[in-house]
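Chain by chain, the residues run as shown.
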Amino acid sequence: MAEAIAYPVASNLLSKLGECLFAPIGRQFGYVLRYKSNAEALENAVNELKTTQERVEHSVDEAVHNGKPIHKDVENWLKSVKEETEKADNLLNCNRSAKHACFHGWLPNPMVRYPIGKKVKKMTQVIQGLHDKSKNIISQKVFYENTPIGIVTATTSATRSVLKKEDVLKSRASITDDVMKAIADDKMRVIGVYGPGGVGKSTLMEDIARRVKEEKLFDVVVMTNVSRNLYLIKIQGEIAHALGLNLPNQDTASGRADILWSRLEKDSEKKILIILDNLWTKLELKEVGIPCGYDNKVRGCKLLLMSRYRDVLYIEMASDLEFRLMELEQVEARILFERTVGDKVNYPQFESLVDKVVKNCGGLPLLIVSVAKRLKRGDLPEWRVASTNIEGSDAKSIVELHYNDLKDERIKSLFLVCALDSGRPHMRDTLVYCMGLGLYKRFSKTIEDARDRLIMDLHCLQDYSLLLGSDDLQWLSMHDLFVDVAISMHDKFIDTEWKVLVGRKDFGFKEWSKNDLKKCTGMSFYYIGIDELPKKLDCPNMRILLLFEHGRFLKVPESFFESMKKLQVLDLTGLSFTSLPSSMEFLENLTSLCLDDCHLEDVSALGKLKGLQFLSFLSSTIARLPKEMGELTKLRFLDLRRCTKLTVIEPGVFESLVNLEELYMQRSFDQWEAENKTPRSNASLAEFRNMKKLSTLDIAIPCLASLSRDLPFGNLSKHVILIGGVWNWPYEYEKSRTLKLKLDSGNLLHEEWVQRCLQKTQDLHLAGLQDNHSIHDLCFEGFSELNYLYVQKSPSLHYVVHSTKDIRCTAFTRLELLFLENLNNLEKICHGRLALESFSKLKTVKLDSCGEIKYLFPSSMMGIFLQLENIGISSCHLIKQIVVDAEADEDGDEIDVDPKVKSCNLRWLTLRNLPEMTSFYKIMDHSVVLFDRQQLIQLQNLEAITIEKCQLIREVFDLEELTTSLNVEILCRLTRLTLRGLPNLERIWNKNPRRALCFQNLKALEVQHCENLRFLFSSSMAKALVHIKEIKIASCVLMEEIMYVQEEELEEATTTNTFEFPLLTSLSLEELPNLKTFFYGKYTIQCPSLTRLTISGCPKMMTFASFEGRQQSMTANTGLQAFGRINSSSSLLGFFNEKVSICSIYLLIILLVLVSEAI
């Protein structure tokens, strides 16, 4: 019996013993026996992870180039991948070089295999873990959007006012202050401003919006122009854009309104100001998506409304308070007039006429400025007419005067066309309309010639005050008063008379007589919500028809166009067509056709419009361009941008477009077939050979195999060409000639058209360079036009420029930006001797992950460095200095010196993840101070410095020996200083020279993860920081005090000594386990502007400022906590004693103190 019991017990014990002893032993033997298979598994895992890494990096690169910030987890993942794959590669290399066998190869060598095999197994798990994390990263965007324009943050900077504060007219300053007070009053929900057209309501709105953002009265500020033609989709879009909300392409405005309503209600805790300008009638807030009650009273937001009519504000929109913006009194009107006219008002022959001219303008700033601009170049008779023409004080007369001053009938007609297009036309649309109408027939040898003339004419309209001024002519603007006058004119228009009809809400086809329709030469409907079109529109004299809708349900009857044989321009935007109306075949004179933002299925009927020269499908859902399109042999302009569904262009279509000059295919068709494929079902690039007139092209060619030889792209005057499947389309281009090349081989660079494009390209992106040691050598004739250069993932590249010692090379004479990324073997930017003109325009240099480079420039190339404005270097693990002494440059690289260049223009400096970085400029004592005293004097233009993860840096600024002169200025323009991840940093600045001006404009200071830093700044340095607004210190484990009061000052201090930070609004102290106080000593501290204070993870901080000396505090009982958590006014007052002066502490301070619970 005993044996029966003992046996299973012993068996169980032995089994457990085997598990404990033999299983681990088996694992250890496994490292030796499965050594080879484990190494292969690791190698496969690393290769798979690198493929995923490359894919993520492509997305990151494109996002960075487009100015998008990258998610932190993506950056951390890429960093981990880079570090761990390097470790894995080193481990695998050890594996290959190790002696794996012993006993003449008969047995595996356990002494070698065991340690490597164990590391291989663990590394495989690490690599697999990173690969698992990648699935979540790949499935989402790697970037996030910049702060939306309507969101007000602590760092939001409002646009500057055009006028200085002292130049603002008193009446305008007064009403601005009144409106600002009303906006700040919590009892007021809806405030309105009204006044006649031209009195300056929109200008007032812009000024108020600027001030609201500047003073940070609201968390969100949204502005939109409602306009006479109420277009809900546009209003909703502008509000959504300001909120950073992406509205889906809903077919109905109500669907978008629901989304907006939900978002605004969700943000109800935030203070939101919505400014609605140019209200003509009641706006149903519910239809827009602005939360409101049944009575149309806004809820949860505040509204600022602008209208010509008080009734609209008071009755229709239920405003709480209205302000009338009055016409200017004579004195102020004259001041405004004199500012515009200039010294001419003091000329004897004009002086007596000034008051009469000003009086005739009726106190309307719009007319005052308009007349003043005209008279600025006018002679005495014009001044007399303006002074006596009392009846000409209205907008109609002023517009007609300016209009009649235009000498060219073409420019007059252009003004009328701009008015017909809602007074806010787009440059592209204006060109298409005017070319279709024949306005630029004399200048239409090429479209580019006509565009140049159009730009000159638009500037002329601005000079005559008929168009509102703007440097950007892409979007134009005309005042509503001028639009109304232009629409009502009956003047000569090309070869006919200008008689146009403009649809308004509830006023259109049914209200116009048959006679009006027959005489009509132009017609416009700008998003007014048409329910139904007449079956046939009898307009035999119609030349231009613009119909904009956003309802895909509106149908165009088959016979609609039968009586419009003279029609030359047709724009149908936002409609839906299964097939185009059959009556379009009657439009034999149609020259320009826009079918933008339309749903299109069958467009084969377009083949019958033989005279068509301008055709646009911008943002339309069209899947196929049929063979009938090839019959449009006169076509000169084709816009296929953002036709994301376009996958088929039938063979032969492009081949037939022999007169095509401009082709735009951004974010559109890219399914090119190889020339030799038979049979072909899609377009081939070889068809472009027939386009001898092609001058402008936007195109993507993802597959190099589809490229044809002898393409005519070398003749292009403007181009955006993307070759290789790694590029994305940016939203807009700064340069008109952009080329992006992903090279699988060097053969493409030998193509003549590629070389000619390289010569003319302004913005060049390169990836995958092979067997190329220097970028400059890629273009045989030199990059004579290049402004921006981006190079990435090209391991064969060693230099940007490589020249022999005997020849001075002239390179990149117009280059402004240089961006080098993932160039593992890059040694130098410049090698050899360069001519003076080389890099003479360079302003920005950015390097990322360039493995072999040790410095940016030698001192012999100081001329290049001195002109730089922006330097950014990250993850270049061998770089030690930005500039190195010429003696340290073994190759003797140099550039001719320009004696005129002496000062340093550097404004922004960013250094990240540079483990070998020791100093900005290599100095003799080999210290690890980033900036020495001499460099600080030279770097007077620096505005922002960011230093991250530079492990060797011990000190940032050396201020010693800068005490001799009263006029020494040190970084006087620096506004932002950011220091993160500097584990050996002992001091930011070693000493503040009392007689020097140091850092006096610094506004934001951030210090994080500087584990060796014991204090932030000295007391003498604190006195210099009079403009500091934000201070953030986090995760500095040894920091004991923020401000170190120097002993000599501590002894001199009296009870009246005060430190004041007059502009400090935000102070954050987080995760500082040894912080005890802001400072020690007898001083008091004043922060009158402080509105946000965060103290978190500071368990030893008993009081904000300590009376005790530093030594007394060190010997005090630090085991006691002053308080576990600030939760009462008494503990708050104990924390902020009489030494601390902070205004309105209970109202302005957000205080969070999280201290250790352990006592």
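For clarity, every value in this text was computed on a predicted model and none was experimentally measured.

Some words on the overall build of the protein
- Across its full length, the protein holds 30 helices and 56 strands.
- Each of the 1159 residues in the protein was classed as buried or not, and the buried ones make up 53%.
- Accessible surface, the protein: about 53,500 Å² in total, of which carbon and sulfur atoms supply 51%.

Topic: the sheet that holds strand β32 (residues 855-858)
- Taken in spatial order, the 3 strands line up as β32-β34-β37 in an open sheet, and their pairing is parallel. Both outer strands of the open sheet, β32 and β37 (919-921), are each paired with one neighbouring strand and no more. Within the sheet, the average angular offset between the axes of one strand and its neighbour, ignoring direction, is 25 degrees.
- Relative to β37, strand β34 (residues 881-884) runs parallel, the two being bridged by 2 bridges. Its bridge partner being in β37, Q881 is matched across the sheet by S919.

Concerning the sheet that holds strand β4 (residues 220-225)
- Pairing within the open sheet is parallel, and its 5 strands lie in the order β4-β5-β6-β3-β7. With one partner strand each, in any of the chains shown, β4 and β7 (321-324) form the two edges of the open sheet. Looking at each pair of strands side by side, their axes are set apart by 15 degrees on average, direction ignored.
- Note: strand β3 (residues 190-194) against β7, 4 bridges, orientation parallel. Pairing of Y194 across the sheet is with R324, part of β7.

Describing the packing of aromatic side chains
- Counted under the stated rule, the structure contains 25 aromatic pairs.
- Look at F560 and F561: their rings are 5.1 Å apart centre to centre, the planes differ by 85 degrees, and that puts the pair in the edge-to-face class. Neither F560 nor F561 differs from the other in exposure class; each is buried.
- Both rings, one in F637 and one in Y664, keep their centres 5.6 Å apart while their planes meet at 55 degrees; by these two values the pair is tilted. With F637 in strand β19 (residues 637-639) and Y664 in strand β21 (residues 662-664), this residue pair connects regions lying 27 residues apart in the sequence. Each member of the pair, F637 as well as Y664, is classed as buried.
- Members of the aromatic cluster, joined through ring pairs, are F654, F669, W672, F688, F713 and W753.
- Here the basic side chain of R310 rests over the ring of Y314, its NZ or CZ set 5.0 Å away from the ring centre.
- Sitting over the ring of Y664, R641 keeps its end group 5.7 Å from the ring centre.

Here's the deal with the pairing of strand β31 (residues 844-848)
- Taken together, the 5 bridges between strand β28 (residues 817-821) and β31 define a ladder with parallel strand orientation. By the bridge assignment for β31, L817 is matched with T844.
- Where β31 meets strand β33 (residues 870-874), 5 bridges bridge the pair, whose relative direction is parallel. Counterpart to V845 in the pairing with β33 is I871.

Considerations on the nonpolar core
- One finds M523, F617, I829, F865, F957, F999 and F1017 to be the most contacted residues of the largest nonpolar core, which totals 191 residues.
- Counting 90 residues, the second largest nonpolar core, distinct from the first, contains Y194, I272, I274 and L467.

A word on the packing of helix α11 (residues 330-341) against helix α14 (residues 365-376)
- Running from N to C, α11 and α14 cross one another at 35 degrees; their axes reach a closest spacing of 8 Å. For the pair α11 and α14, the sense of crossing is right-handed. Where α11 approaches α14, its residues A333, L336, F337, T340 and V341 are matched on the opposing element by P365, I368, V369, V371, A372, K373, L375 and K376.
- The residue makeup of the contact of α11 with α14, split by class, is 10 nonpolar, 1 polar and 2 charged.

Brief notes about the packing of helix α17 (residues 409-420) against helix α18 (residues 427-437)
- At their nearest, the axes of α17 and α18 sit 11 Å apart, and the two run at 125 degrees to each other. As judged from the angle between their axes, α17 and α18 are oblique. Taken as a pair, α17 and α18 cross one another with a handedness that is right-handed. Taken together, the residues of α18 that come into contact with α17 (itself represented by L414, V417 and C418) are T430, Y433, C434 and L437.
- Class assignment for the residues of the contact of α17 with α18 results in 6 nonpolar, 1 polar and no charged.

Some details on unusual backbone geometry
- The linkage connecting T678 with the following residue, P679, adopts the cis geometry, with an omega of -15 degrees.
- Within the fold, P679 resides in the loop between β21 and β22 (696-701).
- With phi around 55 degrees, A318 is a residue other than glycine that occupies positive phi space.
- Tracing the backbone shows A318 in the loop between α10 (310-316) and β7.
- Its identity is not glycine, yet E1071 carries a phi of approximately 50 degrees, on the positive side.
- Here E1071 shows up in the loop between β50 (1066-1070) and β51 (1079-1080).

A closer look at the confidence of the model for the protein
- Of all residues in the protein, 81% have pLDDT values of 70 or greater, and the mean over the chain is 79.
- Per-residue pLDDT stays below 50 along residues 98-107; that stretch engages in 17 contacts with residues further than four places along the chain or on separate chains.
- Counting contacts from residues 1144-1159, a segment whose pLDDT is below 50, to residues more than four positions away or on other chains yields 43 contacts.

Some points on the environment of K50
- Within the element layout of this structure, K50 appears in helix α2 (residues 35-65).
- A sequence separation of 31 residues divides K50 from V81, and the C-alpha atoms of the two residues are 8.0 Å apart.
- If we ignore the near neighbours within four places in the chain, the residues touching K50 are T85 and D89.

Quick look at α14
- Taking 1.5 Å of rise per residue, the 12 residues of α14 would be expected to cover 16 Å, and the 16 Å separating its terminal C-alpha atoms lies within 8% of that figure.
- The complete set of buried residues in α14 reads P365, L366, L367, I368, S370, V371, A372, R374 and L375.

Notes on the state of the cysteines
- Applying the stated criterion across every chain yields a total of 0 disulfides.
- With no disulfide of its own, C539 lies closest to C520 among cysteine sulfurs, the gap being 5.2 Å.
- We classify C539 as buried; its relative accessible area is 0%.

Description of the side chain of S620
- Inspection of the secondary structure assignment puts S620 in the loop between β17 (614-616) and β18 (624-625).
- With a relative accessible area of 2%, S620 lands in the buried category.
- A polar contact is formed between the side chain of S620 and the backbone nitrogen of C598, at a distance of 2.9 Å.
- With sequence-adjacent residues up to four places away left out, S620 is seen in contact with L595, D596, D597, C598, L600, R642 and C643.

Notes on the pairing of strand β42 (residues 976-980)
- Sheet analysis places strand β39 (residues 944-948) next to β42, joined by 5 bridges and oriented parallel. From the neighbouring strand, A944 faces β42, where its bridge partner is R976.
- Of the pairings in the sheet, the one linking β42 to strand β45 (residues 1004-1008) comprises 5 bridges and is parallel in character. Note that in β45 the partner of R976 across the bridge is A1004.

Considerations on the pattern of salt bridges
- Considering all chains together, one arrives at 43 salt bridges under this definition.
- When salt bridges with common partners are traced through the structure, they connect R428, D429, D596, D639 and R641 into a single cluster.

Observations regarding the environment of L321
- Relative to the helices and strands, L321 resides in strand β7.
- Residues L321 and V193, spaced 128 residues apart in sequence, show a C-alpha to C-alpha distance of 8.6 Å.
- Apart from the residues lying within four places of it in its own chain, the contact partners of L321 are A182, M188, V190, I191 and G192.

So, the environment of L1072
- Here L1072 is to be found in the loop between β50 and β51.
- As a C-alpha pair, L1072 and C1098 span 26 residues in sequence and 5.1 Å in three-dimensional space.
- Once you skip the residues sitting within four places of it in the chain, L1072 turns out to touch I1033, A1034, S1035, C1036, S1096, G1097, C1098 and P1099.

Here is what the cut-offs are and how they apply
- As a convention, each chain's residues are numbered from 1 in the sequence order in which they are written.
- Whole-chain, interface and lining totals are the exception, using all residues; otherwise, since this is a predicted model, local features are given only for residues with pLDDT of at least 70 and side-chain atom pairs are given and counted only at 80 or more.
- Hydrogens are left out, water is left out, and the side-chain values use all remaining heavy atoms of the structure.
- Under the DSSP-based scheme used, a helix requires at least four consecutive residues in state H or I and a strand at least two consecutive residues in state E, with every element numbered from the N terminus.
- Any residue under 20% of the maximum accessible area for its type is buried, any over 50% is exposed, and the rest in between are partly exposed; the area is computed with a 1.4 Å probe on protein chains only.
- Using a 1.4 Å probe, the Shrake-Rupley method yields the accessible areas, and only the shown protein chains count as cover for residues.
- Between any two strands, at least two bridges found by DSSP are needed for them to pair.
- Orientation is described by axes fitted as lines to C-alpha atoms, over the contacting stretch for helices, and by angles from 0 to 180 degrees between their N-to-C directions.
- Any two of the Phe, Tyr and Trp rings considered here, Trp counted by its six-membered ring, make a pair once their centres fall within 6.5 Å; the pair's planes then place it as stacked at under 30 degrees, edge-to-face at over 60, or tilted in between.
- Either the NZ atom of lysine or the CZ atom of arginine qualifies as a charge over a ring when it sits within 6 Å of the ring centre and within 35 degrees of the ring normal.
- Nonpolar cores were defined as sets of buried Ala, Val, Leu, Ile, Met, Phe, Trp, Tyr and Cys residues, with membership established by side-chain atoms within 4.5 Å.
- By the definition used in this description, the sense in which the near helix is turned from the far one sets the handedness, with an anticlockwise turn below a right angle giving left-handed and a clockwise turn giving right-handed.
- Note on contacts: a residue pair is in contact if any heavy atoms of the two residues lie within 4.5 Å.
- Under the convention adopted here, Pro, Cys and the residues Ala, Val, Leu, Ile, Met, Phe, Trp and Tyr are nonpolar, Asp, Glu, Lys and Arg are charged, and Gly plus all remaining residues are polar.
- The scheme is simple: roughly parallel for angles under 35 degrees, roughly antiparallel for over 145, roughly perpendicular for 65 to 115, oblique for anything else.
- Confidence of the predictor in every single residue is expressed as pLDDT, which spans 0 to 100.
- By this rule, a helix spans an expected 1.5 Å times one less than how many residues it contains.
- When two cysteine sulfur atoms are found within 2.5 Å, that pair is recorded as a disulfide.
- N or O atoms closer than or at 3.5 Å make up a polar contact, with two conditions inside protein: a donor-capable atom paired with an acceptor-capable one, and, for residues adjacent in sequence, both atoms drawn from side chains.
- One side-chain nitrogen of Lys or Arg within 4 Å of one carboxyl oxygen of Asp or Glu is enough to make a salt bridge.

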